[in-house]
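Each chain is listed here by its residues.
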Amino acid sequence: MNIQLLTHKIPVGISQCLMGEAVRYNAGHKHSKICTRLLGRCFDYVALCPEVAIGLGVPRDPIRLVKSDSSPGAEVRVIGVVDKTLDVTEPLRDYADSVVPALERVRGYIFMQNSPSCGLKGVRRYLPNGHGIDSSGIGVFAARLRERFPHLPMEEAGRLNNSEIRENFLTRVFAYDAWFRYVEGEEYVEGGEEGERQQHPEDVHAGAPRAARVIEFYTAYKYLLLAHHQGLTRALGQFVADSRALPPREFADGVRGRIMEILAHMASRKDRTNALMHLQGHLKQYLDKGEKAELTRLIEEYRQGLKPVSAVLTLLRHYLPRSPHQFIHNQLLLAAEPAELGLCDFH
Ligand code: SF4
C-alpha cells in the first residue's frame, strides 16, 4: 500500500463567516486568512451558516447558551438575548441532522469559536436571569455534528493560528481522507460533479472494507502513530491482533476510531524521537559507521530541540532506497509533513 496524502483538494466543512461572508448576527464576518489563503491550498470548503439556514436572517438579534440552573446536569438551550421567548435549540439540531448526508463526504470541519451554534468548546453559558455562569459550553450545531461524526477531525479557526495545532489538524484530515480512499475504496470521479466519489467494489465486501486493507493501513501509519502516543499505539496493535474475529465493519470502525484518537494527541518531541529511532533501527544495517553516527547525532539534535524533524526525515529518506523492505518504504512518518508542504512552521 503506497498511500499518497494529497492527491486532490480535500473537502472540509467550515463555518461560513470564516470565509469572509457577512452572515454574522451583526452583518459582519470573521474572515480567517489562515483558512482561506493557506489551508485553502489543500482544502475544498463546504461553507455552512446554521443560524442563517434556520431563517434567523442578517442582521439578527444575538442568541446565547442558557442553562436552566447551575447544577452540572442542567439542560442547555439556545435562547435569544433580546427576545427571551426565542428558542432555536431544536431548529439548530434539526438543521445539523438535515446536512448530515451532504457532510458524509467532508474529511474535516473548521468551526468559528465562541458561537452558541458553531463553537466547539469553551462557549460562554448564562443562567435564565442573564448572569454568566461559565465558559464550558459547546455550540448546538457543532455538538450535533460531533455526535453524528465522532471520528471526523474538527478544530476551531482561532486555534489554527497556532502552527503545531494546525499541523495536528492537517495530519488528522490527511489520515481521515486517506482512510476513505485506501480502506473504504472511495475515490474522486474524473469529470464527475465536484467532489463526487465512487467506491471500488473490489476493496469492500458486504459494505465493509476487507480486514487485509485495514491492517495494511494501520501498518503504514504505525510509526506516525507511535510519534503521537506510544501507549495507545501499543493498545491498538493489541486490538488489531485480538479482533480479527469481529464483524468486518466493527473491526474497521474500531481501528479507524483508535487511529483518529491517537492522532488527536499532539506529537511530542519525546515520542517522535522514539519513532525516528525505530526507523533508524530498520535502516542501520544498510549504513556504514560514519552514516550511522551522523544519523544518531541528528536524531539527538532533534531531541534537544536544535534541529527540526524535517532534517532527520530528509536524511532517513535519503537512505531509504537501500532497504528492500516494503514495510519501511510505506511508513507515513516518512511522507512529506505539513511543514514541508508550506502549511505550518518547521519545529
Ligand atoms: S459562527 Fe456559525 S452561526 Fe455564527 S455566523 Fe458564523 S457560521 Fe453563522
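Residues numbered from 1 in each chain as written. Predicted model: local features only at pLDDT ≥ 70, side-chain atom pairs only at ≥ 80, totals over all residues. Heavy atoms only, no water.

The next subject is the sheet that holds strand β6 (residues 123-126). With mixed pairing, the four strands of this open sheet are ordered in space as β4-β3-β6-β7. The open sheet is flanked by β4 (76-80) and β7 (132-137), the only strands paired with a single partner. Strand-to-strand, the axes of this sheet are offset by a mean angle of 45°, without reference to chain direction. Two strands pair when backbone bridges link them, and β6 and β7 are joined in this way by three bridges, in the antiparallel orientation. Its bridge partner being in β7, Tyr126 is matched across the sheet by Gly132. (Pairing = 2+ DSSP bridges. Helix = DSSP H or I, 4+ residues; strand = E, 2+ residues; numbered from the N terminus. Axes fitted to C-alpha atoms, helices over the stretch in contact; angles between N-to-C directions.)

Mapped onto the secondary structure, Arg64 falls in strand β3 (residues 63-67). Of the buried charged residues, Arg64 lacks a salt bridge, with Asp134 as the closest side chain of opposite charge at 12 Å. Not counting residues within four places of it along the chain, the set of residues in contact with Arg64 comprises Arg77, Val78, Ile79, Val81, Pro116, Tyr126 and Gly130. (Buried < 20%, exposed > 50% of the residue type's maximum accessible area, 1.4 Å probe, protein only. Lys, Arg positive; Asp, Glu negative; His and termini not counted. Salt bridge = Lys/Arg side-chain N within 4 Å of Asp/Glu carboxyl O. Contact = heavy atoms within 4.5 Å.)

Moving on to the domain arrangement of the chain. In many reports, interface size means the accessible area that the parts give up when they come together. When the domains of the chain are assigned, the result is domain 1 (10-58 + 88-122 + 137-161) and domain 2 (162-347). Between the C-alpha centres of domain 1 and domain 2 there is a distance of 28 Å. Contact residues are listed per partner, giving 24 residues for domain 1 and 24 residues for domain 2. Interface of domain 1 and domain 2: buried area, both sides summed, is about 2000 Å²; carbon and sulfur atoms make up 63% of it. (Domains from an automatic or database assignment. Buried area = accessible area lost by both parts, 1.4 Å probe.)

Here we come to the nonpolar core. Core analysis: the biggest nonpolar cluster contains 90 residues, and Phe43, Ile110, Leu145, Tyr221 and Val255 have the highest contact counts within it. When residues of this core are sorted by domain, at least three fall in each of domain 1 (10-58 + 88-122 + 137-161) and domain 2 (162-347). With sequence-adjacent residues up to four places away left out, Phe43 is seen in contact with Lys9, Ile10, Val12, Ile110, Phe169, Leu170 and Val173. By size, the runner-up hydrophobic cluster in this structure holds seven residues, among which are Ile63, Val78, Val123 and Val140. (Core = buried A, V, L, I, M, F, W, Y, C linked by side-chain atoms within 4.5 Å.)

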